[in-house]
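Okay, here's what each chain looks like letter by letter:
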Amino acid sequence: MEATPSTWLRGRGLVVGGLKFGQVIVRFYPSPSQRLYPASCRIRHRNFSLNAKRQPAKKINLERTTNRKLQPSGDNDSDPSKLSKDSTIDTNQETASNDHDLIVIEAGHANGKDYNNSSLPNEVISLHDDIIDSARESSYSDENSSDIDGGEQLSGIHLEDLVGMIRHAEKNIHLLNQARIRALEDLEKILSEKEELQGQINTLEMKLAETDERLKVVAQEKIHVELLEDQLEKLRNELSSRGSNEENTQDKNSSVSSSQIDLIDSFSQELDLLRAENMSLKDELQVLKAQLGNIRETDQRVQMLEEERLTMESSLKELEFKLAASHEDISKISSLKSECKSLYEKVEDLQTLLDKATKQADHASLVLQENQELQKKVDRLEESLKEADVYRLSSEKMQQYNELMQQKIKLLDERLQRSDEEIHSYVQLYQDSMKEFQDTVDNLKEESKKKEQDTSVNDKPWAFWSNLLLIVDGWVLEKKISVDQAKLLREMIWNRDEGICDAYISSKEKNEREIIATFLKLTSSTTGERLHVIHIAAEMAPVAKVGGLGDVVTGLSKALQKKGHLVEIILPKYDCMRHELVRDLKLLDVPVESYFDGHLFKNKIWVGTVEGLPVYFIEPQHPSRFFSRGQFYGERDDFKRFSFFSRAALELLLQAGKRPDIIHCHDWQTAFVAPLYWDLYVAKGLNSARICFTCHNFEYQGAARASDLESCGLDVYQLNRPDRMQDNSAKDRVNPVKGAIVFSNIVTTVSPSYAQEVRTAQGGQGLHGTLNSHSKKFVGILNGIDTDAWNPATDPLLEVQYNSSDIEGKAENKEALRRQLGISSADLRQPLVACITRLVPQKGVHLIRHAIYRTLELGGQFVLLGSSPVPQIQREFEDIENHFRTHEHARLLLKYDESLAHLIYAASDMFIIPSIFEPCGLTQMIAMRYGAIPIVRKTGGLNDSVFDVDDDTIPVHFRNGFTFLTADEQSFNNALERAFHHYKHDADGWKQLVQKDMRIDFSWDTSSLLYEELYAKSVARARAANRT
């Protein structure tokens, strides 16, 4: 039966880890003549010859145990840690024999533990007794006895030698496994620490030293294995010669007792078992060789690490060189510090002298004040003395004086009485004047009413006609007039018909039924050439504004309205919008139902005018309260919110009987309008319009799961395709902006340069392929600004109004802003740099942060107005705000304040816009309108509106600011420093530049002409197609 060495030894009461035989501890002591190997593998070759003389042991101490039975170990498995600890070979004791290792058996307790329950086998005890008796009786004199004793010693030595060698073989295999595991773990640690080597040079040296030590251990372990193989080979040779040796031993030991022969037979059987175990040990050694192969691979990895170490050493040398240079700088700095310290000491001395002088001056001033007060008292005393002398000299004069005073009092009483009478007359006169003024006001009111009636139709404000239009649409939705009648009335309002104007004015005091009857009498068939444009958007300035989208919707609509087109806007009714800015806001009686998630939901329709434009507000009656969240955007279900609104807007147009020429939708929030219109509402009869889609920023595309598109009634199977609404980066998602590009007749963006940028892979945000496929209908039109709202000559939010002809008011606004923000006003010519923006990565926040410090270094002042929706950026700028809270030349206002923005535009000398990309940008146009010179990066709309004053390739009359190309600090510094140089060294040229910028026309007139042309061409093509 095969058994491992450890199992065989435990079965006989032998603990391999410490090699304990009951109370007997066996240790092996190496001879000094043999080669000293590492402690983990101290196995010595024993050269025993049958013909050699018996060598006496240096120390033999054997004790018998009382119990002859050997109790097996209580542990089922050996403890590796205990095995390694207990098996340490004592190297402090050595034998004096030549080329031999002798066994020293020491009796007693091991490590202080009690082993009374264990005993030696009978055969071992008998063998010990016989060896002792034979040693005492023979005294090494008889040759036969000597041979017999030598045979006994040889058998015992071989047995113990085999047990020790097997024990060490097991131990070394275990140690090799542990070493291999440790080596692998260490290598993994070294690889993981490779990424941190750049900043941990000192730690690297320690790690490399540890790695070298482990490599030495691995090399020693390899040597140990080779020695173990040699020992096994010698063991085989000894076992092969064992048979012949046994025959000689039997001849020489003929006089040995029969009990000893039986004992030797039992040892022979055990040796057979040992041979079998040696075979298993050979198999284990094969496994060990395979593991050694892995260790060789580890050597290769270590070699690679050594190469990396060399590279790191070279880097370390470079760092040392730089460190040496830095030491030189430090030495210079230290000298400067010493000089600075001495200067500080001198300053402190001067300060103490100044304090003393100040105290003396204060004391002197106090003494002076006291002297002055004393002098005054002396003067008063002298005057009193003079008066007393006068009084003493003449008492008669005092009496005369009293009489005169009484007379004066009587005169004063008379004057007071006369003044009371005059005041009463004045009050009466004031009351008469107020009565006359009231009569005049009443007369003026009557005259204004007459003038209003006599006013020409063309002089009526747009709000008047928009209100009329909303009244007619309300009648249609409430089923009080037919769709055809409403169409005729709209055309009359559209054409500013004088008859309908007179009818409305004359019927103001009538009830609604009489007004409707009056209007229907005027209906007649009319036609017109003007366009009917309806904007469906998520923002409109100033009632619901988040960014530039709201400004564009209002500005473009007002410009088109001025050109005679009928323009209407449809918005969500947000609970957070500015309701006070909507004139004549009212709720229509009849709600509009729209489909969503398999049900029909009612929508309240509100109407009113904003900036003279007719606006419809849709308030969904959905359980989710889509637009009653306290904010415009940023909800998790924004996709559902605005897809619901897009369908409800088209449903409003259908039920109101409107037939617009153009439906203009904006950004991803209303991009759903395009596929909804062509897939669903054309078939329902709403088929007169062409769809125009404007994307104000392609970074925001509103992509969502394809299944979410089903909620608004669109067919996901038909639309989630690569040539329709499927997102270009994920097949299971739909992209509203892509859908609008595919389904719209006109696609625009907000500047020509941005239109070119988004058709590239870098700027297209994944839609460049779609835009290039539909490039024939894609165009970029530069936005304008509302020059009525942004006009420094009439702006009520400014301290002083001014214009391009007289810019002196700009300096007064600058002074007012400095007072309001608490920054220094000592130098009126000190340049003020401003930035008004949302702090998002697109706007180049790293350059804005750099601009604050660089402006102060150049001797300027800096003001920032804006906040960030990104928490990390907001926290970063809050720290900067706290740092400059009390600074005399910088202020950060992390909010948005409309009135403060107007004042900052008017007060600033320069205005920075270092955007990474900018579709259009309105702030540079507003800044130039208010005389602030822009410093911008050449991208998008900034590249189309700002041209560098130092660029000779651009005509002089177009140069209006300072630009830079790359989004880094060096390029920005160049533009900022050039602006400071012009400001400080060419005051007249700077003034001319400010006046030129203020005269540039950034109104919507030019942009609206381009949109008008696009609308007209698209409508003409549609009508031509219908005729064919």
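For the structure, check the block above.
To keep things clear, this report deals only with the structure shown in the data block.

Here is what the cut-offs are and how they apply
- Residues numbered from 1 in each chain as written.
- Predicted model: local features only at pLDDT ≥ 70, side-chain atom pairs only at ≥ 80, totals over all residues.
- Heavy atoms only, no water.
- Salt bridge = Lys/Arg side-chain N within 4 Å of Asp/Glu carboxyl O.
- Helix = DSSP H or I, 4+ residues; strand = E, 2+ residues; numbered from the N terminus.
- Buried < 20%, exposed > 50% of the residue type's maximum accessible area, 1.4 Å probe, protein only.
- Core = buried A, V, L, I, M, F, W, Y, C linked by side-chain atoms within 4.5 Å.
- Contact = heavy atoms within 4.5 Å.
- Expected span 1.5 Å × (residues − 1).
- Pairing = 2+ DSSP bridges.
- Axes fitted to C-alpha atoms, helices over the stretch in contact; angles between N-to-C directions.
- Phe/Tyr/Trp six-rings, centres within 6.5 Å; stacked < 30°, edge-to-face > 60°.
- Right-handed = clockwise from strand over helix to strand, strands pointing away.

Thoughts on the pattern of salt bridges
Here comes step 1: Considering all chains together, one arrives at 23 salt bridges under this definition.
Here comes step 2: Linking E611 and K558 is a salt bridge whose minimum nitrogen-to-oxygen distance equals 3.3 Å. Of this pair, E611 sits in the loop between β9 (599-610) and β10 (613-620) while K558 sits in helix α13 (residues 548-562), placing them 53 residues apart in sequence.
Here comes step 3: Judged by relative accessible area, which is 41%, E611 ranks as partly exposed.
Here comes step 4: For D786, the salt bridge identified is with K558, shortest N-O distance 3.2 Å. Here D786, found in the loop between β16 (778-780) and α20 (808-821), pairs with K558, found in helix α13; they are 228 residues apart in sequence, far enough to count as distant.
Here comes step 5: Overall, the relative accessible area of 18% leaves D786 in the buried class.

A look at the nonpolar core
Here comes step 1: Of all hydrophobic cores here, the largest spans 81 residues; its most connected members are I536, M540, I570, L650, I663, F698 and L709.
Here comes step 2: Broken down by element, this core gets its largest block of residues, 9 residues, from helix α14 (residues 638-655).
Here comes step 3: Not counting chain neighbours up to four residues away, the residues in contact with L650 comprise I536, I663, V673, L676, Y677, Y681 and L686.
Here comes step 4: Core analysis: the next-biggest nonpolar cluster, separate from the first, contains 71 residues, Y802, V833, L858 and F980 among them.

A look at helix α27 (residues 987-999)
Here comes step 1: The terminal C-alpha atoms of α27, which comprises 13 residues, lie 19 Å apart, in line with the 18 Å expected from a rise of 1.5 Å per residue.
Here comes step 2: What α27 keeps buried is the set W990, L993, V994, Q995, D997 and M998.
Here comes step 3: Tucked into the core, α27 has its buried residues touching β20 (910-913), α24 (923-929), β21 (933-937), β22 (962-964) and α26 (969-985).

Digging into the sheet that holds strand β17 (residues 832-836)
Here comes step 1: Reading across from one edge, β19-β18-β17-β20-β21-β22 is the order of the 6 strands in this open sheet, with parallel pairing throughout. Only two strands of the sheet have a single neighbouring strand rather than two, namely β19 (890-893) and β22. Adjacent strand axes in the sheet meet at a mean angle of 15 degrees, parallel and antiparallel pairs treated alike.
Here comes step 2: Sheet topology note: the strand β18 (residues 861-865)/β19 ladder contains 4 bridges and is parallel. What sits directly across from V863, in β19, is R891.

What about the packing of aromatic side chains?
Here comes step 1: Counted under the stated rule, the structure contains 27 aromatic pairs.
Here comes step 2: Between the aromatic rings of W668 and F672, the centroid separation amounts to 6.5 Å while the plane-to-plane angle is 75 degrees, which identifies the pairing as edge-to-face. You'll find W668 and F672 in the same group, each marked buried.
Here comes step 3: Between F962 and W990 the ring centres are 6.4 Å apart and the planes differ by 20 degrees, which places this aromatic pair in the stacked class. Taken together, the residues span a long stretch of sequence, with F962 in strand β22 and W990 in helix α27 at a distance of 28 residues.

Overview of the pairing of β21
Here comes step 1: Across the 5 residues that make up β21, a large majority, 5, are buried.
Here comes step 2: Taking every second residue as pointing to the same face, both faces of β21 are buried, with I933, I935 and R937 on one and P934 and V936 on the other.
Here comes step 3: Across 4 bridges, the pairing between β20 and β21 is parallel. Paired with I913 across the strands is V936, a residue of β21.
Here comes step 4: A crossover connection joins β20 to the parallel β21 through α24; in handedness this β-α-β unit is right-handed.
Here comes step 5: Bridge count for β21 against β22 is 3 bridges, and the pairing is parallel. The residue bridging R937 from the neighbouring strand is F964, located in β22.
Here comes step 6: In this fold, β21 hands off to helix α25 (residues 940-945), which returns the chain to β22; that crossover is right-handed.

Considering unusual backbone geometry
Here comes step 1: In this structure, P542 follows A541 across a cis peptide bond, with omega equal to 0 degrees.
Here comes step 2: With respect to the helices, strands and loops of the structure, P542 is situated in the loop between β5 (532-536) and α13.
Here comes step 3: At Q765, a position not held by glycine, the phi torsion is positive, near 55 degrees.
Here comes step 4: Residue classification places Q765 among the partly exposed positions, given a relative accessible area of 37%.

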